[in-house]
Amino acid sequence: MRTIGLLGGMSWESSALYYRLLNEAVRDRLGGFHSARCILLSVDFAGVQRLQAAGEWAAAGELLAADARALQDAGADLVLLCTNTMHTVADAVTGAIDVPEQPDRDLVHRVIYDELVLGVVREESRRTYQEVVGRLVARGAQGVVLGCTEIELLIGPDDVPVPTFPTTALHAAAAVRAALGEGPRCPPPLASSGRDPAAGRSSTSAAPPTIDR
């Protein structure tokens, strides 16, 4: 199990909720006496709130960035920012910890805006995305979030060696459940078939998870 770093205390009541939900989710997935492996760094929310009220977002970003780096140095494999409002300083936080290299981020962005949004799907671009994923996996990634709606036009679960989280398909499936009056649930990622992605693309692409009626 990878170690989750919780950057919390914003407020500590919500951080306690995060902690409970994480442990409940791990228990439900693994059973028995299993619980989440995590590290919590809880900031003094009063100081953060003052910076929010004063509009001093750069200072708030520097504060949380330093704490995020401390979590990584303490052994966190991923960092969870336990707040919604402070997404405003997410760039400062991610800039302080290990994230995909800038050239890879630029490549992903270019393919989306120069090709996919125009309906252009190129095999060469698929291979470059696979290479980006490969570098992430080599650095320890155990799954990949397809975090832009058009990426699923290019990459499916059979194209990479780790589970994928296709946000467009998951979002659409959630809409269907809501339309049918079903309660929310968290579907699993789409897992790779296990074949070598370099061997060629499967005739089937990423499809929305089955909706249980």
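As a reminder, the structure under discussion sits directly above these lines.
Bear in mind that the values here come from a model prediction, so they are computed numbers and not experimental data.

The rules behind these values
- Residues numbered from 1 in each chain as written.
- Predicted model: local features only at pLDDT ≥ 70, side-chain atom pairs only at ≥ 80, totals over all residues.
- Heavy atoms only, no water.
- Helix = DSSP H or I, 4+ residues; strand = E, 2+ residues; numbered from the N terminus.
- Buried < 20%, exposed > 50% of the residue type's maximum accessible area, 1.4 Å probe, protein only.
- Contact = heavy atoms within 4.5 Å.
- Areas by Shrake-Rupley, 256 points an atom, 1.4 Å probe, with all protein chains shown as cover.
- Pairing = 2+ DSSP bridges.
- Axes fitted to C-alpha atoms, helices over the stretch in contact; angles between N-to-C directions.
- Disulfide = S-S within 2.5 Å.
- Polar contact = N/O pair within 3.5 Å; in protein donor to acceptor, adjacent residues only side chain to side chain.
- Core = buried A, V, L, I, M, F, W, Y, C linked by side-chain atoms within 4.5 Å.
- Expected span 1.5 Å × (residues − 1).
- Arc of directions from axis to C-beta.
- Right-handed = clockwise from strand over helix to strand, strands pointing away.

Caption draft 1: Quick peek at the overall build of the protein chain. Secondary structure assignment for the protein chain yields seven helices and five strands. Ordered by position in the sequence, the α and β elements of the protein chain form the string β-α-β-α-α-β-α-α-α-β-β-α. Looking at the 213 residues of the protein chain, the share that counts as buried comes to 33%. Within the protein chain, residue pairs in contact and separated by at least 24 positions form 73% of the contacts whose partners lie at least 6 positions apart. Carbon and sulfur atoms make up 56% of the accessible area of the protein chain, which totals about 12,500 Å².

Caption draft 2: Expanded view of the sheet that holds strand β3 (residues 78-81). As summarised here, the arrangement of the three strands in space is β2-β1-β3, forming an open sheet in which the pairing is parallel. Two strands close off the open sheet at either side, each with one partner strand: β2 (38-42) and β3. Each neighbouring strand pair of the sheet contributes to a mean axis angle of 20°, computed without reference to strand direction. In terms of strand pairing, strand β1 (residues 4-8) meets β2 through five bridges, oriented parallel. In the sheet register, Gly-5 faces β2, and the bridge partner there is Ile-39. Packing against the sheet, helix α1 (residues 12-30) makes contact with β1, β2 and β3, and its axis sits at approximately 160° to β1.

Caption draft 3: Summary view of the state of the cysteines. This model, assessed by the stated rule, comprises zero disulfides. Cys-38 takes part in no disulfide bond, and the closest cysteine sulfur to it belongs to Cys-82, at a distance of 9.4 Å. You can call Cys-38 partly exposed: its relative accessible area is 24%.

Caption draft 4: Fine view of the side chain of Ser-15. Mapped onto the elements of the fold, Ser-15 is located in helix α1. Only 2.6 Å separates the side chain of Ser-15 from the backbone nitrogen of Gly-9, close enough to count as a polar contact. Beyond its immediate stretch of four places on either side in the chain, Ser-15 contacts Gly-8, Gly-9, Met-10 and Cys-82.

Caption draft 5: Region of interest: the nonpolar core. Within the largest apolar cluster, 15 residues are counted, with the highest numbers of intra-cluster contacts made by Leu-7, Met-10, Val-43, Leu-64, Leu-81 and Met-86. Mapped by element, the contributors of at least two residues to this core are α2 (45-54) and α3 (57-73). Looking at this core, the element that brings in the most residues is α3, giving four residues. Other than its neighbours up to four places away in sequence, Leu-81 contacts Leu-7, Met-10, Tyr-18, Leu-64, Met-86 and His-87. Residues Val-111, Leu-116, Val-144 and Val-162 belong to the second largest nonpolar core, which totals twelve residues.

Caption draft 6: Helix α5 (residues 102-114), seen in detail. With 13 residues, α5 should cover 18 Å at 1.5 Å per step; its first-to-last C-alpha distance of 18 Å lies within 8% of that length. Along α5, the residues classified as buried are Asp-104, Val-111 and Ile-112. The buried side chains of α5 occupy one side of the element, clustering within an arc of 100° when seen end-on. Along α5, the residues that are exposed and aim more than 90 degrees away from the buried face are Pro-103 and Tyr-113.

Caption draft 7: Broad picture of the pairing of β1. Most of β1 is tucked away, with five of its five residues classed as buried. Burial along β1 is two-sided: Ile-4, Leu-6 and Gly-8 facing one way and Gly-5 and Leu-7 facing the other are all buried. Handedness of the crossover joining β1 and β2 through α1: right-handed. In terms of strand pairing, β1 meets β3 through four bridges, oriented parallel. Each bridged residue has a counterpart across the sheet, and for Gly-5 the counterpart in β3 is Val-79.

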